[in-house]
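In case you want the letters, here they are:
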Amino acid sequence: MAPHGLSRGALRSVIFLTAGALAVTALAGCASEDPAGKPLAGPDIAPAARPLVADGGTLRWAVDSVPETLNTFQADADATTTRVAQAVLPSMFRLDERGRPELNPDYLESAKVVGTEPRQVVLYKLNQQAVWSDGREIGAADFAAQWRALSGKESAYWTARNAGYERIERIERGANDLEVKVTFARPYADWRSLFSPLYPKDVMGTPDAFNDGARRKLKVTAGPFAVKKVDRKDDEITLTRNPRWWGSQAKLDEIVLRAVPRDKRAAALAAGALDLAEIDPETVHRIGLAARSGSKGAGTPLQGAAPLSAPGSEEIAADALHSWAVAHGSDGKAAEKETGARKKERRLQALRDVEVRRSLEPAYTQLALNGADGPLADERVRRAVARALDRKELAGAVLKPLGLPAEPVGSHLALAGQAAYADNSGALGGQDTAEAQALLADAGWVPGGPVKRKKNEKAAGAEGEKDAGKKKEKGQEKESEGGDDGTYIVGDDDKAPAEADREKKRHELKQGGAPGAYAPKGTAAPAGAAAGALAKDGKALTLRFVLPSGPGSRTLQTVAERIRRMLDRVGISTELSKVSDESYFKDHIASGEYDLALYSWPASAFPATDARPIYAKPVPAADGSLNVEQNYTRVGTDQVDQLFDQAVSTLNEGETKSLIRKADSRIWAAAGSIPLYQRPQLTAARKNLANAGAFGFQTPVYEDMGFLEKGARPAAGPSKK
C-alpha cells in the first residue's frame, strides 16, 4: 500500500508506529451511490494562485532524517527519499486529492492501453520538452534501463521490490523518440504505478550504478528542483531550482530539508529555524496557546501577560498583576517563577506567526491480532476481541480533540475517496458484548474456572506459550490488568457454530450462566460471572498487548487503554508490554512476539499490487521457517490470495474494484487485523507560506510552493474556517 510520503519502492520496509487521525465513513445510501464516497478531509495547504506567490526565498522543511539513499527502490529508502524524488525526478502519474492516479502533463501527453491481445501494450507519449538536467531527452532508453534493473532477473541489482516490472516482456521506441511502447508478458491492472519515479539510465543502467550511484547524490535529474547538496554533518539536503525545467518555474529559490526530531520542532519553529514541519498533538496545543495569547495582547510591564485559560498556561497567568514588581524584587523563588513564565510567554509569542494545517494522512491505524498460535489462533477468539471493540469511540478519542472527522475506517485496502474503497466492516459486525461472550464460550473460554499453573508458568497467550521462561526485556514495562482490544468477524467459517447455537449460548450467558460443557473439565461456571476473567483447560485468557514506549506514542497508549477496558468487559485480560521504539517492530511485530499490537499501514492507489504482501497467506520456507512477507498477523487464506491475483490481472477497472472489495470482505472475515481510524496529519506552517502544509492524499506541487506577496491572502482552507 502506498504511503503519504513514501515511494512504492520503499514501501515494503515501511510501517507507521504512531497513531493518528480519522477514519472512513460507513457509506450508507442507495445502491447506486459510489461506495468510495469522498475523502473525509481534503488537503489543507493555504492554496494561492501563482501570481500571488513571490519569486524567491528558501523553504526550511523539517524531515525525520537525512536518508541513507536517494534511490527509492532500495530497502533503506525512507520518507525523505520520496520527498526528494518527488521534487527532482519524473513521475508519469501523481495522486489527486482523492488518492487516485492522474496523468502528469509535465512529462506525458498521454498514456493508455492500446492493445490487449495477444499481449497488453501500453503506449506512452512523452512531453516533447521533457529533458534531463544534462540536456538529454527523456526516452525509451530510460524506461528500458529501469525495467531491467527492477525486473528481478538480475540478482546483482540490490532492489527492495520488483512489483509490476517483472510482468513486462519488452520496452521499445514507438513511432518516434517521444513514444515508448511497453509490452507485458502478463496483464497488469496497476500499470499506472510504474515509472514513478523514473531514474535516468545513468543510475539504472548497471548494477554498480544502481547500488551505489544514487545513494548519496543525484547528478542528473528532471524536476522543478535539483539536488544541490547533501550535508550529513548538518543533517540537511538542499534542493535548488533546476535551470533546465520546462514547466512553470519554481517560485522558491531553494528548499532545505532539515532533520529535526519531532520533540524539537516546536522550539525550532519558535526560533525561526523552520517554516514547515509535521508535528504532534502536543505541539498543536502549544501553537493554539500562542494564538489565544496573541489575541488577548501582551499587556504592560506591571500587568504582565494576559492570562491564558488553556491547560499548561498557569505559570503565565499566575501573579499577572504584579509580575514586573516580583521579577525585580527580593523574593528569589517568586522571581525565578516569574522569569520562567516570561520565557514561556516569549516562546509563545514566537509561535504566533505559525498556524496548524490539518488533514488526514493516507494511512490508518489498526489493531493487529497475532493468529500464529495461542488463543488468537482460534478465529472465534479473534472475532470476540473484535466484537468487544467500539471502533467509533476509539476514532473519536483520537480525532475529535484535533477537530478532525471521527469515523472508523471501513476497509483494509483503501480509504474513503479512493476508487477501491467500500465499507466492508459489516462482515465483522458492530460492538456487541453478549455476542463476544458467546463466541468465547463457543471456543471453550468460560468465566469462573480454576486456573492451574505450574511454577513460573505464565498465562495463556503468545508470550506465555512460546516463551514462558523468558526474562523480561530490559527497559520493558509490564502491566497485567483487564484488557481492552478486540476483533470479530462474520464470514465463511466452517468451524464456527450455527447461528442458532450461538444465539442459544448468548441467551444462556445473559441469564448468568454458561453451559457446563464449556467450563474447564469438572468445573461449573457460577451464575452471574459472565463478565469475570475467563479460563480454559486450567489457563486464564490473557493476551500480551505490546506498545512502543517513546514520547511520540502517547496516542497509541491512550487507544490501548480504551481497548483494554473494552476487552475486560467481555472477560479478556491483557498484559501490557511497553518496549523501546527501536525494538518494537523488529523484535516484536516482525518476529511475532505479541498477541495484540497497534501500528499503521499506508493506503495505496494500487492495492492489488501493494496490499498483497500484507495479507498473503504465510507459507513455509525451504529452511522450515514461515515466510510471512509483510503479513505480521500470520492470518491469511487461499481465497484472499486468489482474489488479489485476479484483481491485478484484469484490465477491466470496474472488475478490479469489485475483486478488491471482495478481498477486503474476506480479510475482515479472517479477523487478523481491525482497522480503527485514519491517522491525523498535523503540519505547522508559517502563515505566509502558500501551497504547502497537510497534503492528505495529494502529491505536492513543489514548483507552486512559496511565500505570499505582501498583502496577498491565500484562498480559505480548512485551517482558515
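Before reading on, note that the structure itself is shown above.
Residues numbered from 1 in each chain as written. Predicted model: local features only at pLDDT ≥ 70, side-chain atom pairs only at ≥ 80, totals over all residues. Heavy atoms only, no water.

Caption draft 1: A look at the pattern of salt bridges. In total, this model carries 37 salt bridges according to the counting rule given. A salt bridge links aspartate 64 to arginine 265, with the shortest nitrogen-to-oxygen separation between them at 2.8 Å. With a gap of 201 residues between them, aspartate 64 in the loop between strand S1 (58-63) and helix H1 (79-88) and arginine 265 in helix H5 (residues 265-270) connect regions that are remote in the sequence. As a salt-bridge pair, arginine 119 and glutamate 169 come within 3.2 Å of each other at their nearest N and O atoms. With arginine 119 in the loop between strand S4 (108-115) and strand S5 (121-126) and glutamate 169 in strand S6 (residues 168-173), the pair connects residues that are 50 residues apart, well separated along the chain. Glutamate 169 sits in the partly exposed class, given a relative accessible area of 30%. What emerges from the salt-bridge pattern is a single network uniting Arg119, Glu169, Arg170, Glu172 and Lys181. (Salt bridge = Lys/Arg side-chain N within 4 Å of Asp/Glu carboxyl O. Helix = DSSP H or I, 4+ residues; strand = E, 2+ residues; numbered from the N terminus. Buried < 20%, exposed > 50% of the residue type's maximum accessible area, 1.4 Å probe, protein only.)

Caption draft 2: Inspection of the sheet that holds strand S7 (residues 179-184) at higher detail. Taken in spatial order, the four strands of this open sheet run S4-S5-S7-S6, and their pairing is antiparallel. Both outer strands of the open sheet, S4 and S6, are each paired with one neighbouring strand and no more. On average, each strand axis in the sheet is tilted by 15 degrees relative to the strand beside it, whichever way the strands run. Bridge count for S4 against S5 is six bridges, and the pairing is antiparallel. Across the sheet, the residue bridging to serine 110 is lysine 125, located in S5. On the sheet, helix H2 (residues 140-150) packs against S5, S6 and S7 and is oriented at approximately 160 degrees with respect to S6. (Pairing = 2+ DSSP bridges. Axes fitted to C-alpha atoms, helices over the stretch in contact; angles between N-to-C directions. Contact = heavy atoms within 4.5 Å.)

Caption draft 3: Region of interest: the pairing of strand S22 (residues 673-686). With 14 of its 14 residues buried, S22 lies for the most part within the structure. Here three bridges tie strand S11 (residues 276-278) to S22, and the two strands are oriented antiparallel to one another. By the bridge assignment for S22, alanine 277 is matched with alanine 684.

Caption draft 4: Structural view of the side chain of aspartate 106. By the secondary structure assignment, aspartate 106 is in the loop between strand S3 (101-103) and S4. Buried and without a salt bridge, aspartate 106 has arginine 94 as its closest oppositely charged side chain, separated by 4.4 Å. Beyond its immediate stretch of four places on either side in the chain, aspartate 106 contacts Arg94, Asn127, Ala130, Trp245, Trp246, Gly247 and Glu703. (Lys, Arg positive; Asp, Glu negative; His and termini not counted.)

In short, shape yes, function no, at least from these values alone.
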